[in-house]
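# Architecture and fold: a report
Letter by letter, the chains look like this.
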Amino acid sequence: MHRNATQIGMVREVLGAQVTVAIDPRLAGVAPIWEGRLQPVGQVGALVRIPQGIIELIASVALVGIRAGDDEAGLGIAVGERWMKVQLLGELDAAGRFQRGVSSYPALEDPVHFATASQLRAVFPLPDEDHVRLGTVAAAPTVPVALNMRRFVTRHSAIVGSTGSGKSSTVAGLLQKIAGGGWGRANVVIIDPHGEYASALSADANVLSVLESGERLLRVPYWALPARELLGALAGTTTKTAEQRFSDLVTQGRRVFAGEAAWLDLEESAITADTPIPFDLRDVWFQMDFENNATYQEVRGQGGPRISIDGDAESLRKTVFESYSPGGAAPFKGPNYDDFGPTPDRIRRTLGDASMRFFQEPRGNLTGSDPLVGVVEAWLGGEKPLSVLDFSGVNSLVADLAIGVILELLFELTTRSTDSGIGRPRPVLIVLEEAHRYLGESDSVGRARRAAERIAREGRKHGIGLALVTQRPTELPDTALAQVGTLIALRLTNGADQQRVKAAMPESTAGMADALASLRTGEALVTGEAVVLPTRVVIDRPSPEPDAADATLEAWLGDREKNDLSDTISAWRAALAEGG
């Protein structure tokens, strides 16, 4: 009987969307040659087609084998016969349009064909004003795979993969395509805890760092935080007494500023310790430290303080008092003497830490404009479509708080936008690198996690999307992962991580998901709403690359020499000295 050149087998069993195919015995191997190219039909994730009149069913190869006896191949497969299990994905109509789902199922002995490159190109949309290229189909290198950007941005996504799988390169390459693909008004914010992305994205991104200065300094003003959380970032665990006094002083500071600022119009009674209005944190520290150490001429703080050396709030210079007399003579302890314990000293040390400079700007001024407008504009990239916020160099507690402030504020602004601003009028995509670091399951729920989970739950209707990037998907909370609309899974070697990702994938991709551990570097399984069908993709390499490669050992070669540490130590000492 004549066999079509593209035919590879016949349907032998249909069980819902899963079809068992007997491979034609005349087919040499499972990679026939067509138009000078090998067609890797036997590769898990390869696509096949099953003609049904004027439409063709498209299916993905999930399993390949040879029946050796009473196994799971299916009753329609003879012993010794080669077989494939394929999963039905959708239909290709006579006009070449693809849609998910099937309206009819194949009959027994229907022929099964491999999908040619020209047929696959009809299935996958080309990069255009709605789609951004990600890479190529692994089984057909000439067929591009492009993501639907609207769905990728607003319906959330996750990019997962073990260290060395090509995760950072995937992110960088995709963002380079966005910036260079006509999306000049994009709002993409990359939270970068390790400083990896500046080298790859600086041409199209506003790169801000907590360790820079001037216009390149990442500013997350402390006064945008509620008083209690701000105190936690400054001093760690404190007493209730210190917390209450700090809150009172912050409230006073905010109200004083609001009463004098020309650009603010708020009722004083409406302002609390948590209202994001500028105030002078050094004044708050100075007052707490004064009260915590003051001695007086008379008991109960009467008769005036006994000051030895005047202090100064701006330069963080403590007021020095005469020591109190333990014998009942002057000077006496003040009414709040040592009530706040080490809290004022901890606040002072934090304010003097050069790495915390980003947390203290802008201070706000009375006659200018709202400083928060410029801060948020910088977060969103200013005149560039991308923004890299580099948090390398600060401890995880402070980073968690600062990232939480950024995410919360951006979300709040999207909920209040109407015809202008950000959100539905102009969507925002937050790329959260090392997402498990801030969203991981733990007893203490951090501000960043709360903010990210809120965006995951409610962001879609407000035009703000989340792209979670992690090598440990098991450490992501169920709430966040369950909201992901598109999943890009690179190689995963940890069994628990593999199971977590498989659980997040559609059942139709079960066979593909089993290949997670064997994916090549830069190869991924892509599923979800941003792609027409689950696909094994070779990701395009970015140019330039992110700074995520392992260190080389070339410097170890040769004769022994001492390490030159003078410049490094000088730079470290100078950085610390900047904080005073």
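On a predicted model such as this, the values are computed, not experimentally measured, just so you know.

### Description of helix α8 (residues 343–351)
Of all the residues in α8, the buried ones are Thr343, Pro344, Ile347, Thr350 and Leu351. Each buried residue of α8 lies within a common arc of 125 degrees when the element is viewed along its axis, so the set occupies one face. Against the buried residues of α8 lie α5 (227–235), α6 (240–260) and α7 (281–293).

### A word on the pairing of strand β22 (residues 486–489)
Going residue by residue along β22, you find Thr486 and Ile488 tucked away on one face and Leu487 and Ala489 tucked away on the opposite face as well. In the sheet, strand β12 (residues 157–160) pairs with β22 via four bridges, with the strands oriented parallel. In the sheet register, Ile159 faces β22, and the bridge partner there is Ile488. Relative to strand β23 (residues 523–528), β22 is paired through four bridges, and the arrangement is antiparallel. Bridge pairing in β23 links Leu487 to Thr527.

### As for the sheet that holds β12
Pairing is mixed across the open sheet formed by eleven strands, whose spatial order is β11-β10-β24-β23-β22-β12-β21-β20-β13-β19-β14. Looking at which strands have only one partner, the edges of the open sheet turn out to be β11 (140–148) and β14 (205–209). Ignoring strand direction, the axes of neighbouring strands in this sheet form an average angle of 25 degrees.

### Thoughts on the pattern of salt bridges
Going through the model one piece at a time under the given rule, you end up with 29 salt bridges. The residue Arg454 makes a salt bridge to Glu412 at a minimum N-O spacing of 2.7 Å. Here Arg454, found in helix α12 (residues 447–462), pairs with Glu412, found in helix α10 (residues 396–415); they are 42 residues apart in sequence, far enough to count as distant. Judged by its relative accessible area of 31%, Arg454 falls in the partly exposed class. Shared partners join several salt bridges into a network, and the residues in it are Glu412, Arg416, Arg454, Arg457 and Glu458.

### Structural notes on the nonpolar core
In this structure, Phe246, Phe358, Trp379, Phe391 and Leu410 are the most contacted members of the largest nonpolar core, which totals 84 residues. Here this core takes eleven residues from α10, the largest share from any one element. Among residues more than four places away in sequence, those in contact with Phe358 are Val210, Leu217, Leu218, Arg219, Val220, Phe391, Val394, Val398 and Ala402. Ranked by size, the runner-up nonpolar core spans 68 residues in total, among them Leu47, Met84, Val145 and Leu174.

### Thoughts on the environment of Thr154
Mapped onto the elements of the fold, Thr154 is located in helix α2 (residues 149–154). Considered as a pair, Thr154 and Pro127 are 27 residues apart in the sequence and their alpha carbons are 18 Å apart. There is a polar contact of 2.7 Å between the side chain of Thr154 and the backbone oxygen of Arg150.

### Looking at the packing of α5 against α8
At a minimum axis distance of 8 Å, the contact between α5 and α8 shows a crossing angle of 75 degrees. As summarised for this structure, α5 and α8 are arranged roughly perpendicular, according to the angle between their axes. Across from Leu231, Ala233, Leu234 and Ala235 in α5, the residues of α8 making contact are Thr343, Arg346, Ile347 and Thr350. For the contact of α5 with α8, the residue count by class is five nonpolar, two polar and one charged.

### What about the packing of helix α9 (residues 371–379) against α10?
Close contact between α9 and α10 brings their axes to 12 Å; oriented N to C, the two are set at 100 degrees. If you check the angle between α9 and α10, you find them roughly perpendicular. On the side of α9, the interface is formed by Leu372, Val376 and Trp379, while α10 contributes Ile406, Leu409, Leu410 and Leu413. Looking at side-chain class alone, the contact of α9 with α10 contains seven nonpolar, no polar and no charged residues.

Reading the values: the criteria
- Residues numbered from 1 in each chain as written.
- Predicted model: local features only at pLDDT ≥ 70, side-chain atom pairs only at ≥ 80, totals over all residues.
- Heavy atoms only, no water.
- Buried < 20%, exposed > 50% of the residue type's maximum accessible area, 1.4 Å probe, protein only.
- Helix = DSSP H or I, 4+ residues; strand = E, 2+ residues; numbered from the N terminus.
- Arc of directions from axis to C-beta.
- Contact = heavy atoms within 4.5 Å.
- Pairing = 2+ DSSP bridges.
- Axes fitted to C-alpha atoms, helices over the stretch in contact; angles between N-to-C directions.
- Salt bridge = Lys/Arg side-chain N within 4 Å of Asp/Glu carboxyl O.
- Core = buried A, V, L, I, M, F, W, Y, C linked by side-chain atoms within 4.5 Å.
- Polar contact = N/O pair within 3.5 Å; in protein donor to acceptor, adjacent residues only side chain to side chain.
- Parallel < 35°, antiparallel > 145°, perpendicular 65-115°, else oblique.
- Nonpolar A, V, L, I, M, F, W, Y, C, P; charged D, E, K, R; others polar.

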